[in-house]
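This is what each chain is made of:
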Amino acid sequence: WEGTAFDHGLVARGFDLIGAHTALDCAACHGPPPGFEPLFAPVDQNDCLTCHQADYDGAHAGAGFPTTCLTCHDADDWQDAVFEHATASNGFALVGAHEALPCAACHAPPPGFEPLFSPVDQDDCVTCHQADYDQQHTGTGFPTQCIACHNTNTWPDVNFDHASVANGFRLLGAHQTLDCLACHAPPPDFTPLFDPAGDQDCLTCHQADYDQQHAADGFPFECIACHNTNTWQGATFDHAGASGGFPLLGAHETLPCSACHAPPPDFSPLFNPADANDCLTCHQPDFQQAHGGQGYPTTCLTCHNTTDWQQTTFDHDNDFFPIFSGKHAGEWPSCATCHTDPDDFNVFTCLVCHEHRQDRMDDKHQDVPGYVYESNACYACHPTGEKD
(Lines give C-alpha, C1' and ligand atoms only; values in the text may rest on other atoms or scores of the structure.)
Protein backbone atom coordinates (compact mmCIF):
# COMPACT_ATOMS: atom_id res chain seq x y z
CA TRP A 1 0.00 0.00 0.00
CA GLU A 2 2.93 2.24 0.72
CA GLY A 3 5.45 3.34 -1.92
CA THR A 4 3.09 5.01 -4.38
CA ALA A 5 4.34 6.37 -7.72
CA PHE A 6 2.55 9.38 -9.20
CA ASP A 7 3.53 10.76 -12.62
CA HIS A 8 2.69 14.46 -12.35
CA GLY A 9 3.89 15.15 -15.90
CA LEU A 10 1.42 12.62 -17.30
CA VAL A 11 -1.66 14.20 -15.66
CA ALA A 12 -0.49 17.81 -16.01
CA ARG A 13 0.14 17.87 -19.77
CA GLY A 14 3.92 17.56 -19.42
CA PHE A 15 4.62 19.68 -16.34
CA ASP A 16 7.13 17.55 -14.42
CA LEU A 17 7.90 18.13 -10.77
CA ILE A 18 11.65 18.92 -10.91
CA GLY A 19 14.06 20.58 -8.49
CA ALA A 20 12.39 22.34 -5.59
CA HIS A 21 8.95 21.48 -6.97
CA THR A 22 9.32 17.84 -5.89
CA ALA A 23 9.18 18.78 -2.18
CA LEU A 24 6.23 21.16 -2.41
CA ASP A 25 2.90 20.38 -0.80
CA CYS A 26 0.14 19.85 -3.39
CA ALA A 27 -1.74 22.80 -1.87
CA ALA A 28 1.06 25.14 -3.01
CA CYS A 29 -0.14 24.83 -6.61
CA HIS A 30 -3.62 23.15 -6.38
CA GLY A 31 -7.01 23.73 -4.80
CA PRO A 32 -8.28 21.40 -2.08
CA PRO A 33 -9.36 17.85 -2.85
CA PRO A 34 -11.19 16.16 -4.29
CA GLY A 35 -10.88 18.48 -7.31
CA PHE A 36 -7.21 19.56 -6.95
CA GLU A 37 -7.90 22.39 -9.40
CA PRO A 38 -4.61 24.10 -10.53
CA LEU A 39 -4.07 27.56 -9.00
CA PHE A 40 -1.87 28.55 -11.99
CA ALA A 41 -1.97 27.81 -15.71
CA PRO A 42 1.64 27.82 -17.04
CA VAL A 43 1.96 27.30 -20.77
CA ASP A 44 4.71 24.70 -20.36
CA GLN A 45 7.59 23.52 -18.15
CA ASN A 46 9.66 26.69 -18.85
CA ASP A 47 6.87 29.20 -18.15
CA CYS A 48 7.99 30.27 -14.67
CA LEU A 49 6.41 33.71 -14.62
CA THR A 50 2.79 32.48 -14.57
CA CYS A 51 3.43 30.92 -11.16
CA HIS A 52 6.22 33.21 -9.92
CA GLN A 53 4.85 36.64 -10.85
CA ALA A 54 5.09 37.75 -7.22
CA ASP A 55 8.74 36.66 -7.01
CA TYR A 56 9.53 38.49 -10.25
CA ASP A 57 7.84 41.67 -9.05
CA GLY A 58 9.63 41.52 -5.69
CA ALA A 59 13.07 41.22 -7.26
CA HIS A 60 12.77 43.02 -10.60
CA ALA A 61 9.77 45.36 -10.35
CA GLY A 62 10.31 48.24 -12.76
CA ALA A 63 13.74 46.96 -13.78
CA GLY A 64 12.62 45.71 -17.15
CA PHE A 65 14.33 42.35 -16.78
CA PRO A 66 13.11 39.73 -19.27
CA THR A 67 10.51 37.23 -18.11
CA THR A 68 12.45 34.21 -19.32
CA CYS A 69 13.36 33.34 -15.76
CA LEU A 70 15.46 30.26 -16.61
CA THR A 71 18.03 32.48 -18.28
CA CYS A 72 19.32 33.28 -14.80
CA HIS A 73 17.41 31.08 -12.33
CA ASP A 74 17.03 27.30 -12.07
CA ALA A 75 14.45 24.93 -10.71
CA ASP A 76 16.46 24.04 -7.60
CA ASP A 77 16.82 27.44 -5.87
CA TRP A 78 15.11 30.68 -6.87
CA GLN A 79 17.73 32.74 -5.05
CA ASP A 80 20.76 31.17 -6.74
CA ALA A 81 20.62 33.13 -10.00
CA VAL A 82 23.35 32.80 -12.63
CA PHE A 83 23.41 34.96 -15.75
CA GLU A 84 25.78 34.11 -18.61
CA HIS A 85 26.59 37.57 -19.92
CA ALA A 86 28.97 36.23 -22.56
CA THR A 87 26.22 34.17 -24.17
CA ALA A 88 23.83 37.10 -24.27
CA SER A 89 26.43 39.60 -25.54
CA ASN A 90 28.23 37.70 -28.30
CA GLY A 91 31.17 36.68 -26.16
CA PHE A 92 31.76 39.61 -23.78
CA ALA A 93 32.29 37.87 -20.42
CA LEU A 94 31.97 39.77 -17.15
CA VAL A 95 35.46 39.26 -15.70
CA GLY A 96 37.28 41.00 -12.83
CA ALA A 97 35.72 44.27 -11.70
CA HIS A 98 33.01 44.02 -14.39
CA GLU A 99 31.26 41.33 -12.33
CA ALA A 100 30.25 43.76 -9.59
CA LEU A 101 29.11 46.59 -11.84
CA PRO A 102 25.39 47.47 -12.00
CA CYS A 103 23.85 46.83 -15.40
CA ALA A 104 23.27 50.59 -15.78
CA ALA A 105 27.04 51.16 -15.96
CA CYS A 106 27.13 49.65 -19.43
CA HIS A 107 23.47 49.39 -20.54
CA ALA A 108 20.54 51.70 -21.12
CA PRO A 109 17.53 51.37 -18.79
CA PRO A 110 15.17 48.40 -19.18
CA PRO A 111 13.31 46.94 -20.86
CA GLY A 112 15.69 47.36 -23.77
CA PHE A 113 19.06 47.20 -21.92
CA GLU A 114 20.73 48.55 -25.09
CA PRO A 115 24.54 48.59 -24.68
CA LEU A 116 26.03 52.04 -24.10
CA PHE A 117 29.29 50.91 -25.73
CA SER A 118 30.13 48.69 -28.63
CA PRO A 119 33.50 46.98 -27.99
CA VAL A 120 34.82 44.78 -30.76
CA ASP A 121 35.65 41.98 -28.33
CA GLN A 122 36.68 41.15 -24.77
CA ASP A 123 40.09 42.88 -25.17
CA ASP A 124 38.79 46.13 -26.67
CA CYS A 125 39.03 48.25 -23.50
CA VAL A 126 39.42 51.70 -24.99
CA THR A 127 35.93 51.72 -26.55
CA CYS A 128 34.45 51.72 -23.03
CA HIS A 129 37.37 53.35 -21.18
CA GLN A 130 38.20 56.21 -23.52
CA ALA A 131 37.71 58.72 -20.69
CA ASP A 132 40.12 56.80 -18.44
CA TYR A 133 42.67 56.63 -21.25
CA ASP A 134 42.37 60.36 -21.96
CA GLN A 135 42.73 61.25 -18.28
CA GLN A 136 45.89 59.19 -17.83
CA HIS A 137 47.56 59.27 -21.23
CA THR A 138 46.18 62.21 -23.17
CA GLY A 139 48.83 63.51 -25.55
CA THR A 140 51.33 60.83 -24.57
CA GLY A 141 50.78 58.56 -27.52
CA PHE A 142 50.51 55.45 -25.38
CA PRO A 143 49.04 52.51 -27.29
CA THR A 144 45.37 51.73 -26.81
CA GLN A 145 45.94 48.03 -26.08
CA CYS A 146 45.09 48.68 -22.44
CA ILE A 147 45.54 45.10 -21.20
CA ALA A 148 49.21 45.24 -22.18
CA CYS A 149 49.62 47.12 -18.87
CA HIS A 150 46.26 47.09 -17.06
CA ASN A 151 44.11 44.18 -15.93
CA THR A 152 40.40 43.62 -15.48
CA ASN A 153 40.52 43.62 -11.65
CA THR A 154 41.62 47.21 -11.04
CA TRP A 155 42.45 49.97 -13.48
CA PRO A 156 45.25 51.61 -11.37
CA ASP A 157 47.15 48.32 -10.84
CA VAL A 158 49.44 48.58 -13.85
CA ASN A 159 51.92 45.87 -14.83
CA PHE A 160 53.98 46.43 -17.97
CA ASP A 161 56.41 43.76 -19.19
CA HIS A 162 59.14 45.90 -20.73
CA ALA A 163 61.28 42.88 -21.57
CA SER A 164 58.67 41.36 -23.87
CA VAL A 165 58.43 44.51 -26.01
CA ALA A 166 62.12 45.45 -25.83
CA ASN A 167 63.81 42.26 -27.04
CA GLY A 168 64.59 41.09 -23.51
CA PHE A 169 65.69 44.36 -21.88
CA ARG A 170 64.26 44.11 -18.37
CA LEU A 171 63.64 47.17 -16.20
CA LEU A 172 65.79 46.23 -13.22
CA GLY A 173 66.58 48.22 -10.08
CA ALA A 174 66.56 51.99 -10.64
CA HIS A 175 65.37 51.52 -14.21
CA GLN A 176 61.90 50.64 -12.88
CA THR A 177 61.24 54.17 -11.64
CA LEU A 178 62.65 56.06 -14.63
CA ASP A 179 60.38 58.14 -16.80
CA CYS A 180 59.90 56.62 -20.25
CA LEU A 181 61.44 59.75 -21.80
CA ALA A 182 64.75 58.98 -20.06
CA CYS A 183 65.36 56.24 -22.61
CA HIS A 184 62.75 56.82 -25.32
CA ALA A 185 61.77 59.56 -27.74
CA PRO A 186 58.39 61.23 -27.13
CA PRO A 187 55.21 59.35 -28.08
CA PRO A 188 53.55 58.10 -30.12
CA ASP A 189 56.62 56.26 -31.42
CA PHE A 190 58.65 55.90 -28.19
CA THR A 191 61.74 55.25 -30.32
CA PRO A 192 64.64 54.08 -28.08
CA LEU A 193 67.37 56.67 -27.57
CA PHE A 194 69.92 53.90 -27.03
CA ASP A 195 70.50 50.49 -28.54
CA PRO A 196 72.00 48.21 -25.85
CA ALA A 197 72.77 44.63 -26.77
CA GLY A 198 70.91 43.44 -23.64
CA ASP A 199 70.20 44.39 -20.04
CA GLN A 200 73.85 43.65 -19.15
CA ASP A 201 75.16 46.16 -21.71
CA CYS A 202 75.42 49.23 -19.46
CA LEU A 203 78.00 51.21 -21.39
CA THR A 204 75.82 51.90 -24.43
CA CYS A 205 73.49 53.97 -22.24
CA HIS A 206 75.96 55.04 -19.53
CA GLN A 207 78.94 56.15 -21.61
CA ALA A 208 78.83 59.60 -20.02
CA ASP A 209 78.90 58.10 -16.50
CA TYR A 210 81.83 55.89 -17.44
CA ASP A 211 83.76 58.81 -18.94
CA GLN A 212 83.15 60.95 -15.87
CA GLN A 213 84.35 58.28 -13.43
CA HIS A 214 86.93 56.33 -15.41
CA ALA A 215 88.01 58.54 -18.32
CA ALA A 216 91.42 57.41 -19.63
CA ASP A 217 92.00 55.08 -16.67
CA GLY A 218 91.38 51.99 -18.74
CA PHE A 219 88.77 50.37 -16.52
CA PRO A 220 86.91 47.52 -18.29
CA PHE A 221 83.51 48.17 -19.83
CA GLU A 222 81.72 45.36 -17.94
CA CYS A 223 80.11 47.82 -15.52
CA ILE A 224 78.15 45.23 -13.53
CA ALA A 225 81.43 43.62 -12.45
CA CYS A 226 81.53 46.44 -9.87
CA HIS A 227 78.23 48.34 -10.11
CA ASN A 228 74.63 47.17 -9.74
CA THR A 229 71.29 48.19 -11.21
CA ASN A 230 70.00 49.79 -7.99
CA THR A 231 72.48 52.64 -7.71
CA TRP A 232 75.44 53.71 -9.83
CA GLN A 233 77.25 54.67 -6.64
CA GLY A 234 78.49 52.17 -4.07
CA ALA A 235 80.43 49.94 -6.45
CA THR A 236 81.61 46.58 -5.11
CA PHE A 237 84.44 44.68 -6.79
CA ASP A 238 85.27 41.07 -5.95
CA HIS A 239 89.06 41.30 -5.98
CA ALA A 240 89.42 37.73 -4.72
CA GLY A 241 87.44 36.37 -7.64
CA ALA A 242 89.49 38.30 -10.19
CA SER A 243 92.89 37.60 -8.63
CA GLY A 244 92.83 33.89 -7.95
CA GLY A 245 91.84 34.19 -4.30
CA PHE A 246 93.59 37.33 -2.98
CA PRO A 247 90.89 39.23 -1.01
CA LEU A 248 91.36 42.90 -0.15
CA LEU A 249 91.47 42.76 3.65
CA GLY A 250 92.01 45.50 6.18
CA ALA A 251 94.11 48.41 4.87
CA HIS A 252 94.23 46.82 1.41
CA GLU A 253 90.59 47.80 0.88
CA THR A 254 91.34 51.51 0.70
CA LEU A 255 94.52 51.33 -1.38
CA PRO A 256 94.44 52.78 -4.88
CA CYS A 257 94.76 50.17 -7.60
CA SER A 258 98.11 51.69 -8.63
CA ALA A 259 99.63 50.63 -5.29
CA CYS A 260 99.69 47.01 -6.46
CA HIS A 261 98.96 47.18 -10.18
CA ALA A 262 100.51 48.68 -13.29
CA PRO A 263 98.55 51.45 -15.04
CA PRO A 264 95.45 50.50 -17.06
CA PRO A 265 94.30 49.07 -19.34
CA ASP A 266 96.28 45.98 -18.32
CA PHE A 267 96.40 46.47 -14.53
CA SER A 268 99.26 43.94 -14.41
CA PRO A 269 100.13 43.00 -10.79
CA LEU A 270 103.35 44.58 -9.51
CA PHE A 271 103.78 41.67 -7.06
CA ASN A 272 103.14 37.96 -7.24
CA PRO A 273 102.24 36.71 -3.73
CA ALA A 274 101.62 33.01 -3.34
CA ASP A 275 98.36 33.69 -1.48
CA ALA A 276 96.65 36.15 0.85
CA ASN A 277 99.01 35.20 3.71
CA ASP A 278 102.20 35.79 1.75
CA CYS A 279 102.98 39.29 3.02
CA LEU A 280 106.72 39.33 2.38
CA THR A 281 106.47 39.28 -1.41
CA CYS A 282 104.81 42.71 -1.34
CA HIS A 283 106.24 44.03 1.95
CA GLN A 284 109.93 43.14 1.59
CA PRO A 285 111.03 46.79 2.12
CA ASP A 286 108.94 47.00 5.31
CA PHE A 287 110.48 43.79 6.59
CA GLN A 288 114.02 44.97 5.84
CA GLN A 289 113.43 48.33 7.47
CA ALA A 290 112.06 46.83 10.68
CA HIS A 291 113.82 43.48 10.92
CA GLY A 292 116.76 43.54 8.49
CA GLY A 293 119.55 41.27 9.70
CA GLN A 294 117.74 40.31 12.90
CA GLY A 295 116.69 36.88 11.77
CA TYR A 296 112.95 37.45 12.24
CA PRO A 297 110.72 34.89 10.52
CA THR A 298 108.96 35.93 7.31
CA THR A 299 105.56 34.75 8.48
CA CYS A 300 104.47 38.35 9.06
CA LEU A 301 100.95 37.53 10.27
CA THR A 302 102.41 35.91 13.37
CA CYS A 303 102.88 39.42 14.76
CA HIS A 304 101.28 41.85 12.30
CA ASN A 305 97.71 42.17 10.96
CA THR A 306 96.17 43.40 7.72
CA THR A 307 94.72 46.56 9.27
CA ASP A 308 97.84 48.33 10.54
CA TRP A 309 101.43 47.27 9.82
CA GLN A 310 102.66 49.10 12.95
CA GLN A 311 100.17 47.39 15.25
CA THR A 312 101.88 44.16 16.26
CA THR A 313 100.53 41.55 18.65
CA PHE A 314 103.26 39.20 19.85
CA ASP A 315 103.71 38.26 23.53
CA HIS A 316 106.93 36.30 23.78
CA ASP A 317 106.95 36.33 27.59
CA ASN A 318 103.49 34.87 28.13
CA ASP A 319 103.17 32.76 25.02
CA PHE A 320 106.67 31.30 24.85
CA PHE A 321 109.50 32.30 27.22
CA PRO A 322 110.15 35.37 29.48
CA ILE A 323 112.90 37.22 27.61
CA PHE A 324 111.71 40.76 28.36
CA SER A 325 111.34 40.14 32.10
CA GLY A 326 113.09 38.21 34.81
CA LYS A 327 116.72 37.16 34.55
CA HIS A 328 116.73 37.22 30.71
CA ALA A 329 115.69 40.88 30.37
CA GLY A 330 118.41 42.76 28.50
CA GLU A 331 120.65 39.71 28.26
CA TRP A 332 120.35 39.14 24.50
CA PRO A 333 121.18 41.51 21.63
CA SER A 334 118.92 40.06 18.90
CA CYS A 335 116.47 37.27 18.17
CA ALA A 336 119.26 35.36 16.46
CA THR A 337 121.00 35.02 19.81
CA CYS A 338 118.63 32.19 20.71
CA HIS A 339 116.95 31.45 17.37
CA THR A 340 119.77 30.24 15.18
CA ASP A 341 117.66 29.24 12.18
CA PRO A 342 116.12 32.38 10.54
CA ASP A 343 113.75 30.21 8.56
CA ASP A 344 112.39 28.36 11.57
CA PHE A 345 112.00 30.16 14.87
CA ASN A 346 110.89 26.91 16.48
CA VAL A 347 114.60 26.13 16.56
CA PHE A 348 116.31 27.75 19.54
CA THR A 349 119.32 27.17 21.81
CA CYS A 350 120.03 27.94 25.43
CA LEU A 351 123.70 27.01 25.21
CA VAL A 352 125.02 30.13 23.47
CA CYS A 353 124.61 32.17 26.66
CA HIS A 354 124.71 29.36 29.19
CA GLU A 355 128.22 27.95 28.73
CA HIS A 356 127.51 24.74 30.57
CA ARG A 357 129.98 21.93 30.32
CA GLN A 358 128.12 18.82 29.28
CA ASP A 359 130.07 16.56 31.67
CA ARG A 360 129.20 18.87 34.53
CA MET A 361 125.52 19.06 33.53
CA ASP A 362 125.42 15.32 33.10
CA ASP A 363 126.71 14.92 36.62
CA LYS A 364 124.21 17.41 38.10
CA HIS A 365 121.22 15.80 36.34
CA GLN A 366 122.11 12.15 36.82
CA ASP A 367 119.05 11.69 39.05
CA VAL A 368 116.68 13.53 36.65
CA PRO A 369 114.57 11.09 34.59
CA GLY A 370 114.72 11.72 30.86
CA TYR A 371 117.56 14.22 31.08
CA VAL A 372 119.20 15.10 27.75
CA TYR A 373 121.87 17.73 27.14
CA GLU A 374 119.78 19.62 24.61
CA SER A 375 117.99 23.00 24.62
CA ASN A 376 114.45 21.64 24.25
CA ALA A 377 115.07 19.44 27.27
CA CYS A 378 116.31 22.47 29.20
CA TYR A 379 113.13 24.38 28.29
CA ALA A 380 110.97 21.42 29.32
CA CYS A 381 112.25 21.60 32.88
CA HIS A 382 112.94 25.35 33.08
CA PRO A 383 110.00 26.93 31.16
CA THR A 384 110.37 30.25 33.00
CA GLY A 385 114.17 30.34 32.95
CA GLU A 386 114.45 29.82 36.70
CA LYS A 387 117.03 27.44 38.11
CA ASP A 388 114.51 25.47 40.19
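Here the structure is shown first, and the text comes after it.
Since this is a predicted model, take the numbers as computed values, not measurements.

Enquirer: How would you sum up helix H2 (residues 49–60)? Please name residues and give values.
Expert: The terminal C-alpha atoms of H2, which comprises twelve residues, lie only 12 Å apart, well short of the 16 Å expected from a rise of 1.5 Å per residue. For H2, the set of buried residues is Leu49, Tyr56 and His60. When H2 is viewed along its axis, its buried side chains cluster within an angular range of 10° and face the same direction. Seen from the open side of H2, the exposed residues pointing more than 90 degrees away from its buried face are Ala54 and Gly58. Once H2 finishes, Gly62 follows within two positions and takes phi at roughly 75°, a positive value.

Enquirer: Lay out a positive patch on the surface with the relevant residues and their values.
Expert: Together, Lys327, Arg360, Lys364 and Lys387 line one region of the surface with positive charge. As for its position among the elements, Lys364 is in helix H10 (residues 358–364).

Enquirer: Provide a residue-level description of the packing of aromatic side chains, including the pertinent values.
Expert: Applying the stated criterion across every chain, the model contains seven aromatic pairs. Arranged with centres 5.9 Å apart and planes meeting at 55°, the rings of Phe321 and Tyr379 form a pair that is tilted. One end of the pair, Phe321, is in the loop between helix H9 (316–319) and H10; the other, Tyr379, is in helix H11 (residues 375–381), with 58 residues separating them in the sequence. Classification of Phe321 as buried rests on a relative accessible area of 17%. Between the aromatic rings of Phe324 and Trp332, the centroid separation amounts to 5.5 Å while the plane-to-plane angle is 75°, which identifies the pairing as edge-to-face. Given the relative accessible area of 55%, Phe324 is considered exposed. Overall, Trp332 belongs to the partly exposed group, its relative accessible area being 22%.

Enquirer: Explain unusual backbone geometry residue by residue, including any values.
Expert: Residues Pro33 and Pro34 are joined by a peptide bond in cis, for which omega reads 10°. Note that Pro34 resides in the loop between helix H1 (8–11) and H2. For Arg13, which is not a glycine, the phi torsion comes out positive at approximately 55°. With respect to the helices, strands and loops of the structure, Arg13 is situated in the loop between H1 and H2. You can call Arg13 exposed: its relative accessible area is 83%.

Enquirer: Describe a nonpolar patch on the surface, and please don't skip the residues or the numbers.
Expert: A grouping of Phe6, Leu10 and Val11 is seen on the molecular surface, where their side chains present a nonpolar patch of about 380 Å² in accessible area. For Phe6, the location among the structural elements is in the segment before H1. The class for Phe6 is exposed, based on a relative accessible area of 61%.

How each quantity is defined
Residues numbered from 1 in each chain as written. Predicted model: local features only at pLDDT ≥ 70, side-chain atom pairs only at ≥ 80, totals over all residues. Heavy atoms only, no water. Helix = DSSP H or I, 4+ residues; strand = E, 2+ residues; numbered from the N terminus. Expected span 1.5 Å × (residues − 1). Buried < 20%, exposed > 50% of the residue type's maximum accessible area, 1.4 Å probe, protein only. Arc of directions from axis to C-beta. Patch = residues over 30% accessible without salt bridge, like charges linked within 9 Å, V, L, I, M, F, W, Y side chains within 5 Å. Areas by Shrake-Rupley, 256 points an atom, 1.4 Å probe, with all protein chains shown as cover. Salt bridge = Lys/Arg side-chain N within 4 Å of Asp/Glu carboxyl O. Lys, Arg positive; Asp, Glu negative; His and termini not counted. Charge placed at Lys NZ, Arg CZ, Asp CG, Glu CD. Phe/Tyr/Trp six-rings, centres within 6.5 Å; stacked < 30°, edge-to-face > 60°.

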